[in-house]
Amino acid sequence: CTQAQTGAAAGKLCSTAKGEREGQRAYILGPALSEPTHWLIVGQQNGAWQILRTVTITADNRGVPGTPWALASGAQVVVIGTGTGLNVREGPALGQKAVDSLADGTKIKLSAGPVIADGLEWWQVDGRSGWVSADYLRYPDATQ
């Protein structure tokens, strides 16, 4: 992607495989000769490859380590890459009141979700009355 000839690469989309996990494959993609703009997680369903999750890479989440694999209710995950903590909100939206904060390294269980709001994927935290953004959640073995 970064070695393509400038003229031939114009307008092209480039992807780089980043790993596999439990039947899923992760890719980063974006315009050729540029920084990646999205994570794409795919998996096989009914014999065909399907998009399971897309994550837009933003200034806020660019430095979060690990692969943002598709999450599921009941999953055990870890909070990572927030710097100052992950807000737990009353409901699944940025406009909802923050009722708690989870420090990096906190392990949580997801009880419901996802809900898409404000361009983010939200999950309800088991044992707490609130919702968190998936941008800062990773499976414990996928934090590198």
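Residues numbered from 1 in each chain as written. Predicted model: local features only at pLDDT ≥ 70, side-chain atom pairs only at ≥ 80, totals over all residues. Heavy atoms only, no water.

Here we come to the sheet that holds strand β2 (residues 24-31). Reading across the sheet, the four strands line up as β1-β2-β3-β4 and stay open at both edges, with antiparallel pairing between neighbours. One side of each edge strand has no neighbouring strand; the edge strands of this open sheet are β1 (13-21) and β4 (48-56). For this sheet, the mean inter-axis angle between neighbouring strands, taken without regard to orientation, is 25°. Two strands pair when backbone bridges link them, and β2 and strand β3 (residues 38-45) are joined in this way by six bridges, in the antiparallel orientation. Along β3, the bridge assignment pairs tyrosine 27 with leucine 40. (Pairing = 2+ DSSP bridges. Helix = DSSP H or I, 4+ residues; strand = E, 2+ residues; numbered from the N terminus. Axes fitted to C-alpha atoms, helices over the stretch in contact; angles between N-to-C directions.)

Moving on to the side chain of arginine 21. With respect to the helices and strands, the residue arginine 21 is situated in strand β1. Not counting chain neighbours up to four residues away, the residues in contact with arginine 21 comprise Trp69, Tyr139 and Asp141. (Contact = heavy atoms within 4.5 Å.)

This brings us to the pattern of salt bridges. A pair can form between side chains of opposite charge whenever their charged atoms are brought close. The full count for this structure, using the stated rule, is five salt bridges. Measuring nitrogen to oxygen at the nearest pair gives 2.3 Å for the salt bridge that ties aspartate 100 to arginine 128. Taken together, the positions of aspartate 100 in strand β7 (residues 98-102) and arginine 128 in the loop between β9 (120-125) and β10 (131-133) put the pair 28 residues apart, joining distant regions of the chain. Sharing partners across several salt bridges, the network here consists of Arg21, Glu22 and Asp141. (Salt bridge = Lys/Arg side-chain N within 4 Å of Asp/Glu carboxyl O.)

With that settled, consider the pairing of strand β8 (residues 107-117). Bridge count for strand β5 (residues 76-79) against β8 is three bridges, and the pairing is antiparallel. Along β8, the bridge assignment pairs glutamine 76 with lysine 109. Between β8 and β9, which pair antiparallel one after the other, the connecting turn spans two residues, and aspartate 118 there sits at a positive phi close to 55°.

This paragraph deals with the nonpolar core. In summary, soluble globular proteins display a tendency toward joint burial of nonpolar side chains. In this structure, Leu71, Val77, Ile108, Leu110, Val132 and Leu137 are the most contacted members of the largest nonpolar core, which totals 27 residues. For this core, the elements supplying multiple residues, two or more each, are β2, β3, β5, β6 (86-89), β8 and β9. Beyond its immediate stretch of four places on either side in the chain, leucine 71 contacts Val77, Leu110, Glu121, Trp123, Ala134, Leu137 and Tyr139. In terms of nonpolar packing, the next biggest core, distinct from the first, is built from five residues, Ala93, Leu120, Trp122 and Trp131 among them. (Core = buried A, V, L, I, M, F, W, Y, C linked by side-chain atoms within 4.5 Å. Buried < 20%, exposed > 50% of the residue type's maximum accessible area, 1.4 Å probe, protein only.)

To continue, consider the environment of alanine 48. As for its placement among the helices and strands, alanine 48 is situated in strand β4. Sequence separation between alanine 48 and valine 64 is 16 residues; the distance between their C-alpha atoms is 30 Å.

The tally for this structure, following the rule as stated, stands at zero aromatic pairs. Above the face of the tyrosine 139 ring, arginine 21 is positioned so that its terminal group lies 4.1 Å from the ring centre. (Phe/Tyr/Trp six-rings, centres within 6.5 Å; stacked < 30°, edge-to-face > 60°. Lys NZ or Arg CZ within 6 Å of the ring centre and 35° of its normal.)

Mapped onto the elements of the fold, asparagine 61 is located in the loop between β4 and β5. On the basis of relative accessible area, asparagine 61 is assigned to the buried category, the value being 7%. Polar side-chain contacts of asparagine 61 include one of 3.0 Å to the backbone oxygen of threonine 56. (Polar contact = N/O pair within 3.5 Å; in protein donor to acceptor, adjacent residues only side chain to side chain.)

Nothing here speaks to function; it is all geometry.
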